[in-house]
Amino acid sequence: MKTYRIFSLIALCAAAVSCGNDWLDLEPSTRVPSETSIQLVSEAKYALNSVYNTMQDPYAYSGRLVYYADVTADDMIAVSSTKRTGNYYRFNFSKDNAPASHWSYLYNMIANCNIVLNKIDQLPTQNDDEKTLRDNIKGEAKCLRALAYFDLLRLYSYPYTMDGGASLGVPLVDKAADINSKPARSTVAQCYDQVISDLTEGCELIGEDFQKGHLNKWGALTLLSRVYLYKGDNAKALKTAQEAIEGAEENGYALWTNEEYPTAWSNDANAGKPGEVLLEIVNLTTDSPGKESLGYLNSGSGYKDYCVTVSFYKLLQSDPKDVRNKIIKIASKIPYVNKFQPQEGEAIADANIPLIRLSEAYLNAAEAACKLEDNANAVKYLDPIVRRANPDNTVEGETVTLDRVLLERRKELVGEGHRLYDLMRNNLRVQRVDAKDSKVSKVPAHYSKYLDFDRTFYMIVLPIPKAEMDANPSLADQQNPGY
């Protein structure tokens, strides 16, 4: 059994949230509980494991935190309004009924990271190995805290590129707080400073070696390149993505080949053959969210919760030789994303969930290079993705446009929780277009009243949960506009 599934005694009660909407105890989730005694490096390791435990929940990265950005955009759709994803697809929420689980689970991660970080430097080490372990724990905690803050910003704040980070972000809590600690929202710029600081410091400490189900340096650098891309700091985004790619490949990671791609998602990665997944949620038959996890929600033999739109299906089919057509599985004339494939001996409900892939590092580098008008690097990093999809295709000899990079990103990352954010940070529109195709004729027509919008649409961000507004007076006049 994975060690990170062990519940630490310091895990927050917020991890037991049932459905999100009833999380109404009047203590803000930004409040950190009293620290449990951590006297040994091994105890800090258990505390860090509780962060991964939280991430595995279907209300976190095994479900909602991933599918939110897909079903609120244009390439995926809830199969019906009664499905779990239905309210997201329709933007059917208000300041009084919006789900609180996004907020509470991410602040749960932050709280447990803070507990580790507040104690880690005080812990004695007996030898070099223990010191290395201590540094790695500290680096992981900083990077996971950065991931949580970054996703809070993506959910609850407008893109940095919209106003240079001047709008409201989220409350920053970087140390243990007492019962009276009820922080106000910092600006998006201030929050990005925190995220980048955590990631840059964390990348200096975190280990380079493969750790099953854990973040390492190459995954953290890819995440940092994503953050720089969202901020519009393209020079740093390119440099960091290049470092991630070079380091990962020197350590045995590699893009899946065209032949491997359709089934590589089910590989049980290991140190000898890590593949291209830099961070994944590892699920076991004895230890998984089960039927609430992405594998079952995306399966035609599971809950059939959401699928790709006909327009996206036709986009992929426009190149019949594109290998990514093979990860679209049609069941009863509905096309589902088949990326969350079970590992050998496991059921679809127990499939691992890839969160950061080497493919993204290539796409981050290509996008940043394109925006810097560095065509040589745009071609260098986009071409491997294009050729992998269809070896007959190439962008060599072309001037790579941003539209070309984003098209490839759209095809490559569908179902992995990027689409809405990619459109909004680039000031592009969500355009939900109906199309017809006899092979996938059971996909519903677009039934949301929000079919064409850009980042000025107030509902591209969630409202601060009612529980937080009630519990924290500092947020009283800081609700998101429109709510």
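Quick note: structure is the one above.
Let us look at the structure shown here. (Residues numbered from 1 in each chain as written. Predicted model: local features only at pLDDT ≥ 70, side-chain atom pairs only at ≥ 80, totals over all residues. Heavy atoms only, no water.)

Now for the packing of aromatic side chains. Taken as a whole and judged by the stated rule, the model has 24 aromatic pairs. With centroids separated by 5.1 Å and ring planes inclined at 50°, the aromatic side chains of Trp103 and Tyr107 adopt a geometry described as tilted. With Trp103 and Tyr107 both in helix H4 (residues 101-120), this residue pair falls 4 residues apart, about one helical turn. Exposure remark for Trp103: the relative accessible area of 0% places this residue in the buried category. (Phe/Tyr/Trp six-rings, centres within 6.5 Å; stacked < 30°, edge-to-face > 60°. Helix = DSSP H or I, 4+ residues; strand = E, 2+ residues; numbered from the N terminus. Buried < 20%, exposed > 50% of the residue type's maximum accessible area, 1.4 Å probe, protein only.)

Right, let's talk about the environment of Ile348 for a bit. By the secondary structure assignment, Ile348 is in the loop between strand E5 (334-337) and strand E6 (353-357). Between the C-alpha atoms of Ile348 and Tyr296, which are 52 residues apart in sequence, the distance is 5.8 Å. When near neighbours in sequence (up to four residues on either side) are disregarded, Ile348 contacts Gly295, Tyr296, Ser299, Phe340, Gln341 and Pro342. (Contact = heavy atoms within 4.5 Å.)

Further remarks concern the pattern of salt bridges. Enumeration over the complete set of coordinates arrives at 37 salt bridges. The closest approach of N and O atoms between Asp305 and Arg84, which form a salt bridge, is 3.1 Å. Highlighted residues: Asp305 in the loop between helix H11 (294-297) and strand E3 (306-308) and Arg84 in the loop between strand E1 (76-78) and helix H3 (86-90), separated in sequence by 221 residues. Overall, Arg84 belongs to the partly exposed group, its relative accessible area being 33%. Salt-bridge contacts for Arg357 lead to Glu412; the nearest nitrogen and oxygen are separated by 3.0 Å. With Arg357 in strand E6 and Glu412 in helix H15 (residues 402-412), this pair connects stretches of sequence that are 55 residues apart. Considered together, Arg357 and Glu412 belong to a single accessibility category, that of buried residues. Each member of the salt-bridge network shares a partner with another, and the members are Glu276, Asp322, Arg324, Lys339, Arg357, Arg388, Arg404, Glu408, Glu412 and Glu416. (Salt bridge = Lys/Arg side-chain N within 4 Å of Asp/Glu carboxyl O.)

On to the pairing of E5, then. Burial of the side chains of E5 extends over both faces: Ile334 and Tyr336 are buried on one face and Pro335 and Val337 on the other. Bridge count between strand E4 (residues 328-331) and E5: 4 bridges; the pairing is antiparallel. Bridge pairing in E5 links Ile328 to Val337. In textbook terms, the turn of a hairpin is the stretch between consecutive antiparallel strands, and for E4 and E5 this stretch comprises 2 residues, one of which, Ser332, has a positive phi near 50°. (Pairing = 2+ DSSP bridges.)

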